[in-house]
Amino acid sequence: MVQHSSRSATDAAGDNTALDVAASSVAGLGLLVGALGAAGLVLVLCTNSLAGVGLTMVNVAVPAIAFGYALLGAAPRGSARPRRIAAITLAVLIAAGATGLSWGLSGVAMRQFAPADYIGRYGERVQVSVMDADCRHGTIWRRGPRADFYCEGATWRAAGRDERGRLTLFYQELEPRSQSRLVDAYVLGNEGYSVERVGEVESWAWWAGRPLWLLLGLPVLALGVLSRRNLMSPRP
C-alpha cells in the first residue's frame, strides 16, 4: 500500500512538464514584479518618480504573466514536438499582444494624465508671445492646489511655421503688466507649456510617447487566445 502511494505521488509529479515548470516560474515572477509595480503606482500620491518606475514594472510584468499562463498546460506530458512548438509559439504571440495593448493603453493614459511632461520631453523649445492671447486663470489639484494660466491664442514659430494655440504657464509668470514679453516654452502641435511649468520631466513621460499603433496588440492577443483555445480543445 505504501509502495503504491509512493508511485502515485511520483506519477503526479511527473505530470508537471518542463514547460509547465518554466511557465509557472515566469508567471510567478511576473506577478511579483507586477505587484511591486502596482505599489509604486499607488505612491504617485507621494512621489512621481516612483510612480513612473511602478508603471514600467507593471508593463514589464504584463507580458511575462500572459506568456506564463498561456504556456501553462498547453503541452501536456507526452505531447509530440509539434504540439510543444505550437504551444510556445502561441504563448509568444499572446505575450506580444498583451505587451502592445498594455504599452498602448499606458501611452494613451499618460498623454492625458501628464501632458506637460509629454510635451516637455517630445516638444520643441521656442519663445511664445502672449501679447494678444486671452489668458484665463484656472486651478488644478495635485498634491495641493496649483494655479495656472491658460492663454488661448498664444503665438509661436516652430518647425519653420507660425502657430497659434494654447499656452499653459504658472500664474507667477504672467502678470498684467508683462503680457507683452515672450515666454520660453515647449510646444507640440497647437499646445504649449512654459519651461517653468514643465519643470523636471517625470519618468513616466517616456510612456506618453509610445505610438498608438501598439493598441493593435488587442486583436493579436485575441487571435492568440482563440488559437490556444483551439489547441487545447479535445480531439474526437
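Just so we're clear, the structure is a prediction, and the values are computed from it rather than from any experiment.

Participant: Before we move on, could you go through the overall build of the chain and cite the residues and values that matter?
Facilitator: Scanning the chain from terminus to terminus reveals eight helices and six strands. Mapped in sequence order, the helices and strands of the chain form the string α-α-α-α-α-β-β-β-β-β-β-α-α-α. Every one of the 236 residues in the chain was classed for burial, and the buried ones make up 38%. Residue pairs at least 24 apart in sequence account for 70% of intrachain contacts in the chain once pairs closer than 6 positions are excluded. Looking at the chain as shown, the accessible area adds up to about 13,500 Å², and 62% of this sits on carbon and sulfur atoms.

Participant: Account for the pattern of salt bridges, with residues named and values stated.
Facilitator: In this structure the tally under the stated criterion is three salt bridges. Between D162 and R157 there is a salt bridge, with the nearest N and O atoms lying 2.9 Å from each other.

Participant: Kindly report on the environment of A70, identifying the contributing residues and their values.
Facilitator: The residue A70 is located in helix α3 (residues 48-71) in this model. You can call A70 buried: its relative accessible area is 6%. With 22 residues separating them along the chain, A70 and V92 place their C-alpha atoms 8.5 Å apart. If we skip the residues at most four places from it in the chain, A70 touches A91, I94 and R228.

Participant: Go over helix α2 (residues 18-42), please, and point to the residues and values.
Facilitator: For α2, spanning 25 residues, the distance from its first C-alpha to its last is 36 Å, which sits close to the expected 36 Å at 1.5 Å a residue. Within α2, burial applies to L19, D20, A23, A27, G30, G34, G37 and G40.

Participant: Residue-level account of the confidence of the model for the chain, with values.
Facilitator: In the predicted model, the chain carries a mean pLDDT of 78, and the fraction of residues at 70 or more is 79%. Throughout residues 1-15 the model reports pLDDT below 50, and contacts reaching past four residues in sequence, or to other chains, amount to three contacts. Here residues 141-145 is a poorly scored stretch, pLDDT under 50, and it has seven contacts once near neighbours within four places are set aside; other chains count.

Procedures and definitions
Residues numbered from 1 in each chain as written. Predicted model: local features only at pLDDT ≥ 70, side-chain atom pairs only at ≥ 80, totals over all residues. Heavy atoms only, no water. Helix = DSSP H or I, 4+ residues; strand = E, 2+ residues; numbered from the N terminus. Buried < 20%, exposed > 50% of the residue type's maximum accessible area, 1.4 Å probe, protein only. Contact = heavy atoms within 4.5 Å. Areas by Shrake-Rupley, 256 points an atom, 1.4 Å probe, with all protein chains shown as cover. Salt bridge = Lys/Arg side-chain N within 4 Å of Asp/Glu carboxyl O. Expected span 1.5 Å × (residues − 1). pLDDT = per-residue confidence, 0-100.

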